[in-house]
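Coordinates in review
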Amino acid sequence: MSENKLSFRALQLANEQRNAYGLRYNDFTRYRKHCANRTHRLRSTLKATHGKGREFKKLPPLSTEDIKDGHLELLLFESERAWAYSQDLVAQSMQPANEAQAGTLRHSATGRFRRAVHWSTQLLSHCQSLYAASRLSAEGLMQVTIYTLILNGRFLRYRDDFEDALIQLSVARHLLDELADRAVTSRDQALATVFADGIGPEIRYCAHELGRERAYDVDAITAELSEEHRGDIVQGCDALIQKFRLEGEVAGKGEGRKKLGILMWEDQPVPVRNPELVDVLLRVQEAEAKITQSREPAGAKNASGRKGKSGGHGSKKGVAAYDAILLALSDAEEVARKLVEAQRSSGSSSSSAAGTRDIQFVHAYIVYQLLSRRIQRDLLLVSALLTSHRPQATHSKTAKPKKEQVDARLYPAVVKLLDTVIQSLTQMRNLSIVDDSPDLASAVEARLTFTKAKRCSYLAQCYVATKKYAEALSLIQHATIYLRETRSTLTLFSEDPISSGSPAYYPLTPSDLDALESTISRDGLTIKNEWFTYNGGSIDADSKTHKKPLFFDIALNYVQLDMDRLQERAGKVAAPAPVPVQAVPARSRLEEVARPGTPEPQAPARGGLSNLLGGWWGRK
């Protein structure tokens, strides 16, 4: 019989089809059409059609030995089709345009709902026969029983029979809790939790209509009514539960349990109540385990220093290890975002219990984890770049070495990575879960300003390479201001939640601040010296048109200046002194002939009165 054992899971199949074909957005029309198409294909595959044309051919009764998974799926989809049609008719009856036909629509909806209960009861009867013949597991029978109880309880609530509806739904909730507690995998646990959350509000509504004092306490109502009525409603309920527990223990020993670890946030668990979300989070958990095994956690700690060594696998292999976890977290974020959008578009509130964290919180938590891993990857890339491109000093024969030579592509690449870190920190700061925690918000702001300071420091080196010293000094001043803001922010909390968290994706210590401050001070002094050497510290002057200060013009009149020694100390090689060449004066074509000078003409001597008067007026 073990070869013919069926693996039919009613709740799992119904949940997958509902989410995939419209019910996530309450589109009952689309889901009804899908169920109709699916039933037609199943009947054709199983050769269970009712003939062709107008002639109706009645099907022979099925025996237990001939039942396959397809027959059970056919009954399930027939029930889902009728139930979706009834919900569609109820929605149409509530529209103002159909006010005149509201009674007719509700009557048709009742008939369809009754038809859905009929199909589910027939499905349960077949499953009980298969379970008795050991062709169906206890878990499969429990899921079909829960499905039938939920459908019957909703039909009774629709008929305003609140007492019987409360009993049916309470027994179904008790069986769902049993499935969740003894689930082999986290996906099965989340599946049971989804259906339990779905019928929780209906239990509260029925209890409120019956006038119960503590109608809000769903767990107490479920425990009270299920203990009293589960034996009458479910045939052999206690034996079925016992058999399910034994099967769960055997399955847990024979197979490795795919259990999702407890996700914690501020010492409280993060609820994962959706099977789709469990699947992607399991991949995240596996990727984290691989990183933990293959990488030491000190990889990003030394990323704050410009010349620090990267710990662990601070190489391309270590950086590539983050691809798997970032891909898994991206998929998890996409699934959580779709769930949030579906909840908003349907206009329904969270179906989880009051006081628990809803799907919006889970989405924010996944986004925080994605951003933290992205920051950790980028910091590791920065550390790997700085380690692989260490500046090498070229020593000359003189006493002082030349300036260290760095690849021109290094600092722009580091600045680009730091830009992505700043973007991730900005997005992280805007998350609701970060905003609700003052210490965490301050820690994120401190890392944001610290990263901006590092970015300004590396960006200044990019401007130095292009001889733009004024812009470089301005960036150094901005880096000093950001570093001062970081020190001020770190005093707002006593314990750093990021450095003490797991994982510590961006450790920040006072020693990192001191190292960056000393680097900024040293770079500022170096830039000033280079600027003065280049063009005397002028913004507009060029190095070619630069003139030496007036001090040298005055000093050289009194002091003998050794220019060769000055050029050597400035780092410039002195030009070799030119060999003096004695120039032979060229003789002109016409040699000058020495001639005696022409004597000046002597004025004739005068006398008398004119000579006397001329002496008075300065004339001779």
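Data block above holds the structure.
1. Overview of the packing of helix α1 (residues 10-20) against helix α3 (residues 69-93)
Axis separation between α1 and α3 bottoms out at 11 Å; the angle between their running directions is 50°. Regarding the angle of α1 to α3, the classification is oblique. Of the two elements, α1 crosses α3, and the hand of that crossing is right-handed. Residues Ala10, Leu13, Ala14, Gln17 and Arg18 of α1 touch α3, and the partners they reach there are Glu73, Leu76, Phe77, Glu80 and Trp83. Here the contact of α1 with α3 is built from residues that sort into six nonpolar, one polar and three charged.

2. Let's talk about the pattern of salt bridges
Counted under the stated rule, the structure contains 29 salt bridges. Its salt-bridge partner being Arg182, residue Glu178 comes within 3.9 Å of it at the nearest N-O pair. A salt bridge links Asp217 to Arg214; the shortest N-O distance between them is 3.2 Å. Look at the salt bridges and you will find they share partners, linking Glu16, Arg187 and Asp279 into a network.

3. Things to note about unusual backbone geometry
Positive phi is not limited to glycine here, since Asn26 has a value of about 60°. Along the chain, Asn26 falls in the loop between α1 and α2 (28-46). Owing to a relative accessible area of 43%, Asn26 belongs among the partly exposed residues under this scheme.

4. Examining the nonpolar core
Buried together is how nonpolar side chains tend to be arranged in soluble globular proteins. Within the largest apolar cluster, 72 residues are counted, with the highest numbers of intra-cluster contacts made by Leu277, Tyr368, Ile433 and Val434. Among the secondary structure elements, those contributing two or more residues to this core are α10 (275-294), α12 (322-346), α13 (359-388), α14 (410-429), α15 (432-435), α16 (438-465), α17 (469-490) and α18 (510-535). It is α16 that contributes the most residues to this core, 14 residues altogether. With residues up to four places along the chain from it excluded, the contact list for Tyr368 reads Trp265, Met428, Leu431, Ile433, Val434, Leu440, Ile498 and Tyr505. One finds Ile67, Leu74, Leu141 and Tyr147 within the second-largest nonpolar core, a separate group that totals 66 residues.

5. A few points about the environment of Ala172
Looking at the secondary structure, you find Ala172 in helix α6 (residues 162-181). Judged by its relative accessible area of 0%, Ala172 falls in the buried class. If near-sequence neighbours (up to four positions away) are discounted, Ala172 is found in contact with Ile146, Leu149, Ile150 and Ile199.

6. What about empty space enclosed by the protein?
Under the counting rule described, the total for this entry stands at two cavities of 30 Å³ or more. In this structure, the largest cavity is lined by Arg18, Trp83, Tyr147, Ile150, Leu151, Arg154 and Phe195. Broken down by element, the lining of the largest cavity gets its largest block of residues, four residues, from helix α5 (residues 138-158). Residue composition of the lining of the largest cavity, by class: five nonpolar, no polar and two charged.

7. Thoughts on the environment of Asp177
Position of Asp177 among the secondary structure elements: in helix α6. Considering only alpha carbons, one finds Asp177 and Asp219, 42 residues apart in sequence, at a separation of 9.9 Å.

8. A closer look at α14
Taking 1.5 Å per residue, 20 residues should reach 28 Å; α14 reaches 29 Å between its end C-alpha atoms and fits that length. Taken together, the buried residues of α14 touch α13, α15 and α16.

9. A word on the packing of aromatic side chains
Considering all chains together, one arrives at eight aromatic pairs under this definition. Here Trp265 and Tyr368 contribute two aromatic rings whose centre-to-centre distance is 5.1 Å and whose plane-to-plane angle is 75°, an arrangement assigned as edge-to-face. Placement of Trp265 in strand β1 (residues 264-265) and of Tyr368 in helix α13 is noted, with a sequence separation of 103 residues between them. Accessibility assignment for this pair places Trp265 and Tyr368 in one class, buried. Between the aromatic rings of Tyr411 and Tyr458, the centroid separation amounts to 5.9 Å while the plane-to-plane angle is 35°, which identifies the pairing as tilted. Here the residue Tyr411 occupies a position in helix α14, and Tyr458 occupies one in helix α16, the gap between them amounting to 47 residues. Here Tyr411 falls in the buried class, since its relative accessible area comes to 14%.

Criteria and thresholds
- Residues numbered from 1 in each chain as written.
- Predicted model: local features only at pLDDT ≥ 70, side-chain atom pairs only at ≥ 80, totals over all residues.
- Heavy atoms only, no water.
- Axes fitted to C-alpha atoms, helices over the stretch in contact; angles between N-to-C directions.
- Helix = DSSP H or I, 4+ residues; strand = E, 2+ residues; numbered from the N terminus.
- Parallel < 35°, antiparallel > 145°, perpendicular 65-115°, else oblique.
- Left-handed = near helix turned anticlockwise from the far one by under 90°.
- Contact = heavy atoms within 4.5 Å.
- Nonpolar A, V, L, I, M, F, W, Y, C, P; charged D, E, K, R; others polar.
- Salt bridge = Lys/Arg side-chain N within 4 Å of Asp/Glu carboxyl O.
- Buried < 20%, exposed > 50% of the residue type's maximum accessible area, 1.4 Å probe, protein only.
- Core = buried A, V, L, I, M, F, W, Y, C linked by side-chain atoms within 4.5 Å.
- 1 Å grid on protein atoms, 1.4 Å probe; cavity = no way out; pocket = protein on both sides within 12 Å on 5 of 7 lines; lining within 4 Å.
- Points joined across faces, edges and corners; volume = space filled by probe spheres on them.
- Expected span 1.5 Å × (residues − 1).
- Phe/Tyr/Trp six-rings, centres within 6.5 Å; stacked < 30°, edge-to-face > 60°.

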